[in-house]
Amino acid sequence: MELLVIRHGQSEADILQVHEGRADYHLTELGENQARKMASHVQEHFPPDIILASTLKRASRTAEILQEAIGCEISYFDELREFDNGVLAGLLRKEAAVKYPLPSGGRPAHIPIQDGESAIELRYRAEKIFQQIIYDFKEKERIAIVSHGGLISNFLEAFLNLPVQAKFQFHTGDTGIHLLELKDDIRAVKFINSLQHLKKGKLHC
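The written sequence of each chain sets the order in which its residues are numbered from 1. Given that this is a predicted model, residues contribute local features only at a pLDDT of at least 70 and side-chain atom pairs are listed and counted only at 80 or more, while totals for whole chains, interfaces and linings are drawn from all residues. Heavy atoms from the whole structure form the basis of all side-chain values; hydrogens and water molecules are not counted.

J.: Quick one: what's the story with the overall build of the chain, residue by residue and with numbers?
T.: Runs of H or I in DSSP of at least four residues are treated as helices and runs of E of at least two as strands, each being numbered from the N terminus. For the chain, the helix and strand inventory stands at six helices and six strands. Computation of the radius of gyration draws on C-alpha atoms, with the globule rule given as 2.2 Å multiplied by the number of residues to the power 0.38. Computed over the C-alpha atoms, the radius of gyration of the chain is 17 Å, within 12% of the 17 Å expected from 2.2 N^0.38 for a compact globule of 205 residues. A simple rule labels every residue: compare its accessible area, found with a 1.4 Å probe on the protein chains alone, to the largest value its type can have, and call it buried under 20%, exposed over 50%, or partly exposed in between. Residues counted as buried form 51% of the 205 residues belonging to the chain.

Put into structure tokens, the structure is as follows:
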């Protein structure tokens, strides 16, 4: 089984300089173009048997563009949504820094953001959806998963069996692609955060 893990394209929150997380913004025009380039590249090189996607607009729209290129089934999962950042969702970054400053030394992993979830809860959610995917879709040869940067980083930690408190972070650019393989008891990372598709020609905003 191969897992093609993909981040959504640029969203309106990137332009507005707000905390996104669970704030449900649309893709920008650039984000739509990024998604189309990603979809064309995936269709040519790594066509999946099924697409699994977050229910948030920026990811679900990216997944729809991919589905249009591939023509396969698509299913949506709340568990693939981004980190629940509670009171920070949709708040200007400058305003959030004043109203909700980070504690000295950062927020402990077990303490959630007000009205949101903790880092440990996010990791548990990523672990749970990873296990669900490899069990429920074990007959599929290649699965595309369209999600968000924070969830994807934790999903990769779960794939690699890293400790919950590990100080690792996996960056994913807009429509960045990771290709993972599970074969018997071996878990292989074929590549991470590929943005090759965005280098093919000029993007127009």
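This is not the end of the story, as more comes after the structure.
J.: Requested: an account of helix α3 (residues 57–70), with residues and values cited.
T.: Relative to the 20 Å expected for 14 residues at 1.5 Å per residue, α3 spans 20 Å between its end C-alpha atoms, a close match to the ideal helical length. All buried positions along α3 are accounted for by R58, A59, S60, T62, A63, I65 and L66. Each element contacted by the buried residues of α3 is listed here: β1 (2–7), α2 (29–45), β2 (50–54), β3 (73–77) and β4 (142–147). One or two residues past the end of α3 sits G71, with phi positive at roughly 85°. What a helix is expected to span follows from its residue count: subtract one and scale by 1.5 Å. Contacts are assigned to residue pairs with any non-hydrogen atoms lying within 4.5 Å of each other.

J.: Describe the environment of L56, and please don't skip the residues or the numbers.
T.: Following the sequence through the fold, L56 ends up in the loop between β2 and α3. By relative accessible area, which is 5% here, L56 ends up buried. Counting along the chain gives 54 residues from L56 to E2, while the straight-line C-alpha distance between them is 24 Å. Among residues more than four places away in sequence, those in contact with L56 are G21, R22, D24, R81, E82 and H148.

J.: Please give an account of the environment of N154 that cites residues and values.
T.: Mapped onto the secondary structure, N154 falls in helix α6 (residues 149–159). Residue classification places N154 among the buried positions, given a relative accessible area of 11%. Taking the C-alpha atoms as reference points, N154 and F168, separated by 14 residues in sequence, lie 9.1 Å from one another. Excluding its chain neighbours within four sequence positions, the residues that come into contact with N154 are A119, L122, R123 and A126.

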